[in-house]
Amino acid sequence: MQQQVPPWLEKLLGTAFFSVCRTHGAAARSECNMYCLDCNCDAFCFYCRSSRHKDHQVIQIRRSSYHDVVRVSEIEKALNIGGVQTYVINSARVLFLNERPQPKSGKAVSHICEICGRSLLDALRFCSLGCKVVGIKRNGNTSFMFEEISSSSSTRIGEEELREGSQQDIYPLTPPSTSSTRRRKRIPHRAPFGS
């Protein structure tokens, strides 16, 4: 059976970020907000990266509302993030590492996380990478690994993309103007003056 969760991912999700680096604590950029996917070790700072992880695959963790996030552009190189809700924060598309508690609201929501019940903006399955890990372990019907696509299925996928990419279905062309179309505004008709 193919491994569904990369070995470094669970360690990443359990890592504490944004502590001060023990080695470079006096330096300006010494908060530990980097993680090496090759070494699978603890978080480290900007200076540790340049000295110990120079040619490694490293991602930078950021904070949003006291929660750890990672840019989609960084994580999607190493991980299939399909089914996980992404957000735009400070003009960058990000996703949350771990589930975020959400108070129960009385509003009806159409999309919720399968694991924690958090409301989602889009029709996706998970609110974070952590929830996707739990979903994989529970159900096993999704994966973080990129799947190999055979040539026949890639042709089929290409045809579907062309069909979906047709903007005519979504945004019909502007209808041609004909002489029978009515203008919105005509000569104004005033109420007759009373005598």
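What counts, and at which threshold
- Residues numbered from 1 in each chain as written.
- Predicted model: local features only at pLDDT ≥ 70, side-chain atom pairs only at ≥ 80, totals over all residues.
- Heavy atoms only, no water.
- Helix = DSSP H or I, 4+ residues; strand = E, 2+ residues; numbered from the N terminus.
- Buried < 20%, exposed > 50% of the residue type's maximum accessible area, 1.4 Å probe, protein only.
- Contact = heavy atoms within 4.5 Å.
- Areas by Shrake-Rupley, 256 points an atom, 1.4 Å probe, with all protein chains shown as cover.
- Core = buried A, V, L, I, M, F, W, Y, C linked by side-chain atoms within 4.5 Å.
- pLDDT = per-residue confidence, 0-100.
- Phe/Tyr/Trp six-rings, centres within 6.5 Å; stacked < 30°, edge-to-face > 60°.
- Lys NZ or Arg CZ within 6 Å of the ring centre and 35° of its normal.
- Polar contact = N/O pair within 3.5 Å; in protein donor to acceptor, adjacent residues only side chain to side chain.
- Arc of directions from axis to C-beta.

Regarding its fold elements, the chain presents six helices and five strands. Reading the chain from its N terminus to its C terminus gives the helix and strand order α-β-α-β-β-α-β-β-α-α-α. A burial count over the chain gives 32% of its 195 residues as buried. Long-range contacts, defined here as pairs at least 24 residues apart, represent 46% of the contacts in the chain between residues at least 6 apart. Carbon and sulfur atoms make up 50% of the accessible area of the chain, which totals about 13,900 Å².

With that settled, the discussion passes to the nonpolar core. Within the largest apolar cluster, 41 residues are counted, with the highest numbers of intra-cluster contacts made by Leu9, Leu12, Ile75 and Leu129. If you list the elements that add at least two residues to this core, you get α1 (7-14), β1 (34-36), β2 (58-64), β3 (67-71), α3 (72-75), β5 (92-96) and α4 (129-139).

Our focus in this paragraph is the confidence of the model for the chain. For the chain, the average pLDDT comes to 79, and 74% of its residues sit at 70 or higher. For the stretch residues 148-176, pLDDT sits under 50, and the model shows six contacts to residues farther than four places along the chain or on other chains.

The next thing to look at is the packing of aromatic side chains. Here a ring pair, both rings aromatic, is described through the centre-centre distance and the interplanar angle of the planes. By the definition in use, this model includes three aromatic pairs. Between Phe17 and Tyr35, the aromatic rings sit 6.4 Å apart at their centres with planes inclined by 70°, giving edge-to-face as the arrangement. Taken as a pair, Phe17 in the loop between α1 and β1 and Tyr35 in strand β1 lie far apart in primary sequence, 18 residues in all. One Lys or Arg, Arg29, reaches over the ring of Phe46 and ends 3.8 Å from the middle of that ring. It is Arg100 that lies over the ring of Phe96; its NZ or CZ is 3.6 Å from the centre.

Moving on, we get to the side chain of Gln85. Inspection of the secondary structure assignment puts Gln85 in the loop between α3 and β4 (87-89). On the basis of relative accessible area, Gln85 is assigned to the buried category, the value being 1%. A polar contact of 3.2 Å, which involves the side chain of Gln85, links it to the backbone nitrogen of Leu121. Polar contacts involving the side chain of Gln85 include one to the side chain of Asp122, which spans 3.0 Å. Each residue touching Gln85, except ones within four places of it in the same chain, is listed here: Leu95, Leu120, Leu121, Asp122, Leu124, Phe126 and Cys127.

Within α1, the full set of buried residues consists of Trp8, Leu9, Leu12 and Leu13. For α1, the angular spread of the buried residues around the axis is 135°, confining them to a single face. Every exposed residue of α1 that faces more than 90 degrees away from the buried side is listed here: Pro7 and Gly14. Along its buried surface, α1 packs onto β1, β2, α3 and α4.

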